[in-house]
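As a plain string of letters, each chain reads:
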Amino acid sequence: MRRSSSTLTRLLGAVAGLALAVAGAVAVAAPAQAATLTQVTGFGSNPGNLAMYAYRPDGLPANSPAVVLLHGCTQNASGYFANSGWQKYADQWKFALIVAQQPSGNNANSCFNFFEAGDTTRGQGEALSIKQMVDHAKTNYGVNGSRVYVSGLSAGGAMSAVMLATYPDVFAAGSIIAGIPYRCATSMVNAFSCMNPGADKTPAAWGDLVRGAYSGYTGPRPRVAIWHGTSDTTVTPLNGTESRDQWTNVRGVSQTPTSTSSLPGNTSLEVYGNDDVRLYRISGMGHGTPVDPGSAAEQCGTAGAYFLDTICSTYRDAIFFGLNGGGTNPTPTPTATPTPTPTATPTTPPTCVTASNYAHVVAGRAYQSGGYAYANGSNQRMGLYNTFYTSALQQTGPNHWVVGC
């Protein structure tokens, strides 16, 4: 069959590009393949029949913190990991991620069973499976047992509350995103009524439910961040207020905020006690994890179903957990009057480089794997690894590059 001259030209160009790529690979040693989210088996007796996934950034030092992530209904571990923005800060600040996954065999919609007593009681079911994941990480990854945190969305947010209530000796702090208070629901029927319209109890009544989750425990209780959209019709905003009542009571602080401030994305922040509890209300946001796609320091995540473009909740939670400074959690300074939180403005523009994917790899801004180029730090795929694909990379931190300028 005859080929047109234009077809032959394209074929010859592709062959030439491949030859250059191979020559470059021979001349320049490719960087080691970056860390990936990996399934872990044999992490314990696993009475809740959950799946465990782990992400350990390259160069993770010993005694590092860890964050447990719990996805929402109809989601899975890889999707929540990819879209929530946690990988960016794990790479940047060096902490491990433990991502639990609910199989559809446990729940038809892949929801964590936050309403089943057998899964929300210390030493039982799904709660124990998640705790065993943490134990595995401490034993095998060198995770610092005093710096373990948990965050989740919707059913995962409710399960985050479960873990904070049942294992206050394991979790230093946590984040509840569009979730409900601990033990609001004790069956599938009242799970729906807890979600909408919600349940109203006194702070003491809510607090007693948490204290009853581990009778006799007298140690410190976790600090808690609560996120809720004011237009959430799946899990009504009342749940954010009631969760605030529960955890301020558990922490022994007033339900009157010590400070309030306005943040990007139509977000208001109320701080209670000495930064014991935070309540973020996102005006006009529906049901989902707040993200803010972009390459700035305070931006993260990918918008999509149940990932809503408003504000990067992951960045705020990582700061709240004290993951950005290394060492132990910083002691927050109480404020008696409302103090707006300023948005940091870079003094110099970030470095932006446009070049072929081959040139990016040679210069150390990216690495190649399986014929594709990936940005260092963010691990974003840039396209084929050759001289014909051009990408713009922006540096957002030491050896941390993102696609786009």
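The model shown is predicted, which means the values in this text are computed figures rather than measured ones.

Each value, and the rule that gives it
- Residues numbered from 1 in each chain as written.
- Predicted model: local features only at pLDDT ≥ 70, side-chain atom pairs only at ≥ 80, totals over all residues.
- Heavy atoms only, no water.
- Salt bridge = Lys/Arg side-chain N within 4 Å of Asp/Glu carboxyl O.
- Pairing = 2+ DSSP bridges.
- Helix = DSSP H or I, 4+ residues; strand = E, 2+ residues; numbered from the N terminus.
- Axes fitted to C-alpha atoms, helices over the stretch in contact; angles between N-to-C directions.
- Phe/Tyr/Trp six-rings, centres within 6.5 Å; stacked < 30°, edge-to-face > 60°.
- Buried < 20%, exposed > 50% of the residue type's maximum accessible area, 1.4 Å probe, protein only.
- Lys NZ or Arg CZ within 6 Å of the ring centre and 35° of its normal.
- Polar contact = N/O pair within 3.5 Å; in protein donor to acceptor, adjacent residues only side chain to side chain.
- Expected span 1.5 Å × (residues − 1).
- Core = buried A, V, L, I, M, F, W, Y, C linked by side-chain atoms within 4.5 Å.
- Contact = heavy atoms within 4.5 Å.
- Disulfide = S-S within 2.5 Å.

## Side note on the pattern of salt bridges
Tallied over the entire structure, the rule returns 10 salt bridges. Beyond isolated ion pairs, a larger network of salt bridges with shared partners links K131, D135 and K138.

## A word on the sheet that holds strand 7 (residues 223-229)
Strands sit in the order 1-2-4-3-5-6-7-10-9-8 across an open sheet of 10 strands; the sheet is mixed. Two strands in the sheet have a free side with no partner beyond their single neighbour: strand 1 (38-40) and strand 8 (259-263). When strand polarity is set aside, the average angle formed by the axes of neighbouring strands in this sheet is 20°. By the bridge criterion, five bridges tie strand 2 (residues 51-55) to strand 4 (residues 96-101) in an arrangement that is antiparallel. Counted as the bridge partner of Y53 is V99 from strand 4.

## Thoughts on the packing of aromatic side chains
One pair of aromatic rings is described through two measures. These are the centre distance and the angle between the planes. Applying the stated criterion across every chain, the model contains 12 aromatic pairs. Taken together, a centroid distance of 6.3 Å and an interplanar angle of 40° make the contact between W93 and Y315 tilted. You can see W93 sitting in helix 3 (residues 86-93) and its partner Y315 sitting in helix 9 (residues 313-321), a full 222 residues away along the chain. For the pair W93 and Y315, a shared accessibility class is recorded, and that class is buried. A network of ring pairs unites the aromatic residues W86, F95, Y149, F320 and F321 as a single cluster. Taking the ring centre of Y214 as reference, the NZ or CZ of R122 above it sits at 3.7 Å. Here the guanidinium or amino end of K201 rests over the ring plane of W206, the centre of that ring lying 5.5 Å away.

## With respect to the side chain of D275
Within the secondary structure, D275 sits in the loop between strand 9 (267-272) and strand 10 (277-282). Residue D275 is classed as buried on the basis of its relative accessible area of 9%. Side chain to side chain, D275 and R278 meet in a polar contact 2.8 Å long.

## Here we look at helix 8 (residues 238-251)
Count 3.6 residues to each turn of an α-helix, and residues three or four apart come out pointing the same way. Between its terminal C-alpha atoms helix 8 stretches 20 Å, which fits the 20 Å expected from 14 residues at 1.5 Å a residue. In terms of burial, helix 8 is a largely internal element, 11 of the 14 residues being buried. Every buried residue belonging to helix 8 is among N239, G240, T241, E242, S243, R244, D245, Q246, W247, T248 and V250, and all of these are buried. Looking one or two places after helix 8, you find G252, whose phi comes out positive at around 75°.

## Some details on the nonpolar core
The tendency in soluble globular proteins is for nonpolar side chains to be buried side by side. One finds F114, F171 and W247 to be the most contacted residues of the largest nonpolar core, which totals 56 residues. When residues no more than four places from it in sequence are discounted, the contact partners of W247 are A161, L164, A165, I176, V210, V224 and V277. In terms of nonpolar packing, the next biggest core, distinct from the first, is built from 40 residues, A35, V99, I282 and V291 among them.

## What about the state of the cysteines?
What the rule picks out here adds up to three disulfides. A sulfur-sulfur separation of 2.0 Å characterises the disulfide bridge that pairs C73 with C111. Between C73 and C111, the disulfide has an S-S torsion of 125° and is therefore right-handed. Taken together, the residues C73 in the loop between strand 3 (66-70) and helix 2 (77-84) and C111 in the loop between strand 4 and helix 4 (125-141) connect sequence positions 38 residues apart. Linked covalently through their sulfurs, C300 and C312 form a disulfide whose S-S length is 2.0 Å. When the S-S torsion is 105°, as for the bridge of C300 with C312, the disulfide is right-handed. One end of the pair, C300, is in the loop between strand 11 (289-291) and strand 12 (307-309); the other, C312, is in the loop between strand 12 and helix 9, with 12 residues separating them in the sequence. Relative accessible area serves as the criterion here: at 3%, C300 is assigned to the buried category. What makes C312 buried here is its relative accessible area of 1%.

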